[in-house]
Amino acid sequence: MLIRDLSVTDEIAIIGFGNIAKAIITPLLNKKLIEPENVYCVVKSEKSLENIKNNYKHKINVFKSDSKESKIIWDCKFKLLSIKPQHLQDITEGDIMKNKDNLLVSILAGVSINRLTQKFPKHSCVRAVTNIPITVGKGLTGISWGANTTEDQKQFTKKIFENTSKIYEFTEDYLDIFLALTSSGPAIIALIIESLSDGGLSGGLPKRLSENLVMDMILGTISLIKEKKLNTSELKNLVTSPGGTTISALRVLEKKSVRSALIESIVAASNRSKEFS
Ligand SMILES: NC(=O)c1ccc[n+]([C@@H]2O[C@H](COP(=O)([O-])OP(=O)(O)OC[C@H]3O[C@@H](n4cnc5c(N)ncnc54)[C@H](OP(=O)(O)O)[C@@H]3O)[C@@H](O)[C@H]2O)c1
């Protein structure tokens, strides 16, 4: 099978060039997989326009959404839709003069492929859910293809995201739970890190030291599980001796229903995502 690679001649339009769009596109520009002159982005405010023109390290094309020039984006074969979901109503699909097989990839939380297809009927619409660690090249991206997405378009989309994330392909009904685990997950992990380091603080450790110990302990635990191919119960048994310190800690967590609270937190995030859809 022919693998569709990125080509420096590919024209890429980005509707909304905020934190997440920058995190996806900047590594591609850094690695010269795409050329800045072939990137066309649209933002809402004068402030963002000036900021990108003056401070963004790559000289991409940037327009204000209410300008005549911004219409050029509709001629790019590939569009990344990366505005906030509440601004979707402000976007109107433009006339497409140049190409056939136009692809629009949306990273908007809770906006279904069906809704995207109604709004952008001239496009093959794809939905991607990605998470904030893409900013450091360690993201996770779940993708659901539209009914008419071609093999070529799928390969192209994967090439865009694989620079910053691992890619998982799902039917759309799994995207809510994927979002709950991977997009809300970093906040839950941050809360766990914060709480455990407050425990260290209570025992007299300085805050920064306590936080670093917790983060290194988490990284070490993950490495151990992965390298030794342990399951989580095996790891737990490894460090829990009869009448010891760890079982005392685990008893408190069980008494406070922490396990159940964590399960319910993911279910709640997934349900909320379904409500948005
Ligand atoms: N943040 C996360 O952790 C995360 C993770 C995964 C996915 N997402 C999704 O990614 C999307 C973007 O999030 P973000 O954090 O990157 O948002 P953001 O930083 O606020 O960026 C939004 C961008 O959209 C532009 N915009 C607003 N209205 C527009 C319009 N009518 N036409 C063109 N551009 C317009 C904004 O321009 P101005 O700056 O001029 O207003 C800005 O460049 C959201 O839909 C979110 O659900 C976010």
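Residues numbered from 1 in each chain as written. Predicted model: local features only at pLDDT ≥ 70, side-chain atom pairs only at ≥ 80, totals over all residues. Heavy atoms only, no water.

(A) Representation of the site of the ligand within the structure. Taken together, 23 residues lie near the ligand, and I20, S45, S48, I83 and T130 sit nearest. K44 places a main-chain nitrogen or oxygen 3.1 Å from an oxygen atom of the ligand. In the environment of the ligand, an oxygen atom lies 3.3 Å from a nitrogen or oxygen atom belonging to the backbone of A109. Isolated, the ligand exposes 910 Å² of accessible area, and the fraction of that covered by the protein chains is 80%. Elements with a minimum of two residues in the shell around the ligand: α1 (19–30) and β2 (39–43). (Near = heavy atom within 4 Å. Polar contact = N/O pair within 3.5 Å; in protein donor to acceptor, adjacent residues only side chain to side chain. Areas by Shrake-Rupley, 256 points an atom, 1.4 Å probe, with all protein chains shown as cover. Helix = DSSP H or I, 4+ residues; strand = E, 2+ residues; numbered from the N terminus.)

(B) Region of the structure containing the domain arrangement of the protein. Split by domain assignment, the protein resolves into domain 1 (12–171) and domain 2 (185–276). Between the C-alpha centres of domain 1 and domain 2 the distance comes to 35 Å. (Domains from an automatic or database assignment.)

(C) Here's a closer look at the sheet that holds β2. Strand order in the open sheet made by the 8 strands is β3-β2-β1-β4-β5-β6-β7-β8, with mixed pairing throughout. Each edge of the sheet is formed by a strand with only one pairing partner; in this case those strands are β3 (61–64) and β8 (165–169). In this sheet, neighbouring strand axes are inclined to one another by 20 degrees on average, regardless of whether the strands run parallel or antiparallel. Judged from the 4 bridges that link them, strand β1 (residues 12–15) and strand β4 (residues 78–81) form a sheet pairing that is parallel. Note that in β4 the partner of I15 across the bridge is L81. Relative to β3, helix α2 (residues 46–55) is tilted by about 170 degrees, and along the sheet it contacts β2 and β3. (Pairing = 2+ DSSP bridges. Axes fitted to C-alpha atoms, helices over the stretch in contact; angles between N-to-C directions. Contact = heavy atoms within 4.5 Å.)

(D) Quick peek at the nonpolar core. If you look at the biggest cluster of nonpolar residues, it comprises 31 residues, and the most contacted ones within it are I14, F17, I25, L80 and F161. With 6 residues, the single largest contributor to this core is α1. Setting aside its immediate chain neighbours within four residues, I25 contacts I12, I14, F17, I34 and L80. (Core = buried A, V, L, I, M, F, W, Y, C linked by side-chain atoms within 4.5 Å. Buried < 20%, exposed > 50% of the residue type's maximum accessible area, 1.4 Å probe, protein only.)

(E) Just unusual backbone geometry, in detail. Even without glycine at this site, K32 takes up a positive phi of about 60 degrees. Following the sequence through the fold, K32 ends up in the loop between α1 and β2. The backbone of S257 shows a phi angle near 55 degrees, a positive value even though the residue is not glycine.

(F) Local environment of the packing of aromatic side chains. Applying the stated criterion to the full structure yields 7 aromatic pairs. Plain terms: the ring middles of Y168 and F178 are 6.3 Å apart, the flat faces sit at 50 degrees to each other, and that makes the pair tilted. Residue Y168 is found in strand β8, and its partner F178 is found in helix α5 (residues 175–182); the two are separated by 10 residues along the sequence. A residue is classified by how much of its surface remains accessible, and Y168, at 37% relative accessible area, is partly exposed. Consider the rings of F170 and F178, whose centres lie 5.2 Å apart with planes at 55 degrees: the pair is tilted. On the accessibility criterion, F170 (26% relative accessible area) is partly exposed. Ring-pair connections join several aromatic residues into one group, and the members of that group are Y168, F170, Y174 and F178. (Phe/Tyr/Trp six-rings, centres within 6.5 Å; stacked < 30°, edge-to-face > 60°.)

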